[in-house]
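# Reading the structure
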Protein chains: 2
Amino acid sequence: MDRLQIHIVISEELYTKNPESSELGKKIVSRSIEMIDELGFEAFTFKKLGQSIGSNESSIYRYFESKHMLLVYLICWYWSWIEYKLVFATTNIQSKEEKLSAAVEILTRKVDVDNSFSYVNEVILNRIIIAESSKAYHTKDIDTENEKGYYKVYKRVVQRVSNMVKEINADFDCPQMLISTVIEGAHQQRYFSEHLPSLTNVQEGKDTIVQFYNNLVFKVIN
Amino acid sequence: MDRLQIHIVISEELYTKNPESSELGKKIVSRSIEMIDELGFEAFTFKKLGQSIGSNESSIYRYFESKHMLLVYLICWYWSWIEYKLVFATTNIQSKEEKLSAAVEILTRKVDVDNSFSYVNEVILNRIIIAESSKAYHTKDIDTENEKGYYKVYKRVVQRVSNMVKEINADFDCPQMLISTVIEGAHQQRYFSEHLPSLTNVQEGKDTIVQFYNNLVFKVIN
DNA sequence: TATTTTTCAATAGTATTACTATTATATTTG
DNA sequence: CAAATATAATAGTAATACTATTGAAAAATA
């Protein structure tokens, strides 16, 4: 049977020319994901990317205004994809608790199967989100970029899960704070477990991070 | 009465020449804190810093190998200072719960009085930690830098508070995970409350962030 | 005191980076 | 087939992070 074909649509402000509109555009996205993961965001340049895909540096600027904007694009793509996963995994679950628990799992687990989209490797993209995404919003331009709506998908994901929290406990005052703590915390713990292990308590085999944050959420809201 | 004079000692690996050893060195540290806060880490350069303190760019390289190393130095300074605050604020507290609560407050509150050290403004430094510190360890060199001990003070702070958790509940499996989640979460929430407020639930007047994480800690460990 | 050694910081650079202006080549349209 | 448009390559520029070298001041030694 054919796989369900869905399509991630990215807001026009995030690119100069839609990378989905040409083969070169898709190559830019897919190869940039691999290269940012390999080199890190600082050492990654449009020049290197151009060389690697047999194209010119300046051609890449036709698609993305800067490497910062490319990162913002990738982040937006990731959260759009997570939002789809989230909605798909939580609709038709009757129990409010099970629903929230499924949502927390989606937000905190490691992505390890590259499943749906031809030119985007979600496994690698997940690693980029963990290691590099904070660099996108920790800049002096955050306020104007936020006004332009660059982070609205991420905020919508937080809002969706916050609503699930509110359904379980309408009196709980800080659902957004809790959910954004869980998302960012899980990413950070995954990074720490690889590079600064004494800041975590990750055990072999089971996914300690998913369990820890699932437990945390339910203890805090009750 | 004279103020208690204490002294933050920074490990030698973090600088080329000890900035405390000369007036220029102290000026570099104190003015760099102001400029990183004003310009952001990306736009901050040694050239601009040199111009601002009436000195040459290359003179600054005598003290710090790179702007990255200067940031690592500042982060280390900050956590050494927090460690001092932490020990000072928690010794002689009998109740284990009160002790942990005092520690969590130290870790999550906003620094708003520049109190003890002549050439370091802790209020501004706290803002730098919140906005820029993740850029120090989200690099490809993290593993070698961690081996060299660049982050050992931070890890020691986490360990100290984790021990307090263990004293209250020896069966709790993930104290480091909890405490690093709290520290990083509180910083992130403070940043969000200023720039991406829909990810938080910060209210006027009271310090919601301190309350939230204090409540979280005790709910999770019991 | 004289001389050597060391410390210190300024000058003047280089290599690299992010980004842009212009030109050449396809492709589409009338 | 010609004009208009889309596309990408060439060849830049300005700024940045960092370095090599030199000259002067301070300190140590004879």
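In case you missed it, the structure is sitting above this.
Here is a short report on the structure shown in this document. All figures in this text were calculated on a predicted structure; none of them were measured in a lab.

## Structural notes on the side chain of Gln188(A)
Relative to the assigned elements, Gln188(A) resides in helix H9 (residues 175-195). On the basis of relative accessible area, Gln188(A) is assigned to the buried category, the value being 11%. A polar atom in the side chain of Gln188(A) sits 3.3 Å from the side chain of Glu184(B). With sequence-adjacent residues up to four places away left out, Gln188(A) is seen in contact with Tyr137(B), Glu184(B) and Gln188(B).

## Things to note about the nonpolar core
Across soluble globular proteins, nonpolar side chains show a tendency to be buried alongside one another. Counting residues in each nonpolar core, the largest one holds 157 residues, and the members touching the most others are Tyr73(A), Trp79(A), Leu178(A), Tyr73(B), Trp79(B) and Leu100(B). Filtering out sequence-adjacent residues up to four positions away, Leu100(B) remains in contact with Val161(B), Met164(B), Val165(B), Ile168(B), Val217(B), Phe218(B) and Ile221(B).

## Let's talk about the side chain of Asn146(B)
Summarising the element assignment, Asn146(B) is placed in helix H7 (residues 142-147). The exposure class assigned to Asn146(B) is buried, which follows from its relative accessible area of 14%. Leave out the neighbours within four places in its chain, and Asn146(B) touches His195(A), Leu196(A), Tyr151(B) and Lys155(B).

## Observations regarding the interface of chain B and chain A
Interfaces are often described in size by the accessible area the parts lose on coming together. At the junction of the two partners, chain B supplies 50 residues and chain A supplies 50 residues. When chain B packs against chain A, the two sides together hide about 4300 Å² of surface, and 60% of this comes from carbon and sulfur. Remark: the boundary between chain B and chain A carries zero salt bridges. Counting every contact that joins chain B to chain A gives 33 residue pairs in polar contact (both at pLDDT 80 or more). Only helix H1 (23-39), helix H6 (122-137), H7, helix H8 (152-168), helix H9 (175-195) and helix H10 (208-221) of chain B provide two or more residues apiece to the side of chain B that touches chain A. In terms of residue count, H9(B) provides more of the side of chain B that touches chain A than any other element does, 13 residues in total.

## Notes on the protein's contact with DNA strand C
The environment of DNA strand C is formed by 17 residues, the closest being Glu57(A), Lys67(A), Asn56(B), Ser59(B) and Arg62(B). The sugar-phosphate backbone supplies 57% of the atoms of DNA strand C found within 4 Å of the protein. One of the side-chain N or O atoms of Glu57(A) is found 2.6 Å from a base nitrogen in DNA strand C. Among the secondary structure elements, those contributing two or more residues to the surface near DNA strand C are helix H3 (57-61) of chain A together with helix H3 (57-61) of chain B.

## Topic: the protein's contact with DNA strand D
Close to DNA strand D lie 17 residues; Asn56(A), Ser59(A), Thr45(B), Glu57(B) and Lys67(B) are nearest. When the atoms of DNA strand D within 4 Å of the protein are sorted by group, sugar and phosphate make up 56%. A distance of 3.1 Å separates a phosphate oxygen of DNA strand D from a polar atom in the backbone of Asn56(A). Arg62(B) has a polar side-chain atom sitting 3.3 Å from a base oxygen of DNA strand D. The set of elements that each furnish at least two residues to the surface near DNA strand D consists of H3 of chain A together with H3 of chain B. The element best represented in the surface near DNA strand D is H3(B), accounting for three residues. Partitioned by chemical class, the residues of the surface near DNA strand D number four nonpolar, seven polar and six charged.

## Focus on the packing of helix H6 (residues 122-137) of chain A against H9(A)
All names here are of chain A. Here H6 crosses H9 at 125 degrees, and the two axes come no closer than 9 Å. With respect to H9, the axis of H6 lies oblique. In contact with Ile129, Ile130, Ala131 and Tyr137 of H6, H9 contributes Glu184, His187, Arg190 and Tyr191. Here the residues of the contact of H6 with H9 are counted per class, giving five nonpolar, one polar and two charged.

Each value, and the rule that gives it
- Residues numbered from 1 in each chain as written.
- Chains lettered and ligands numbered in written order.
- Predicted model: local features only at pLDDT ≥ 70, side-chain atom pairs only at ≥ 80, totals over all residues.
- Heavy atoms only, no water.
- Helix = DSSP H or I, 4+ residues; strand = E, 2+ residues; numbered from the N terminus.
- Buried < 20%, exposed > 50% of the residue type's maximum accessible area, 1.4 Å probe, protein only.
- Polar contact = N/O pair within 3.5 Å; in protein donor to acceptor, adjacent residues only side chain to side chain.
- Contact = heavy atoms within 4.5 Å.
- Core = buried A, V, L, I, M, F, W, Y, C linked by side-chain atoms within 4.5 Å.
- Buried area = accessible area lost by both parts, 1.4 Å probe.
- Salt bridge = Lys/Arg side-chain N within 4 Å of Asp/Glu carboxyl O.
- Near = heavy atom within 4 Å.
- Nonpolar A, V, L, I, M, F, W, Y, C, P; charged D, E, K, R; others polar.
- Axes fitted to C-alpha atoms, helices over the stretch in contact; angles between N-to-C directions.
- Parallel < 35°, antiparallel > 145°, perpendicular 65-115°, else oblique.

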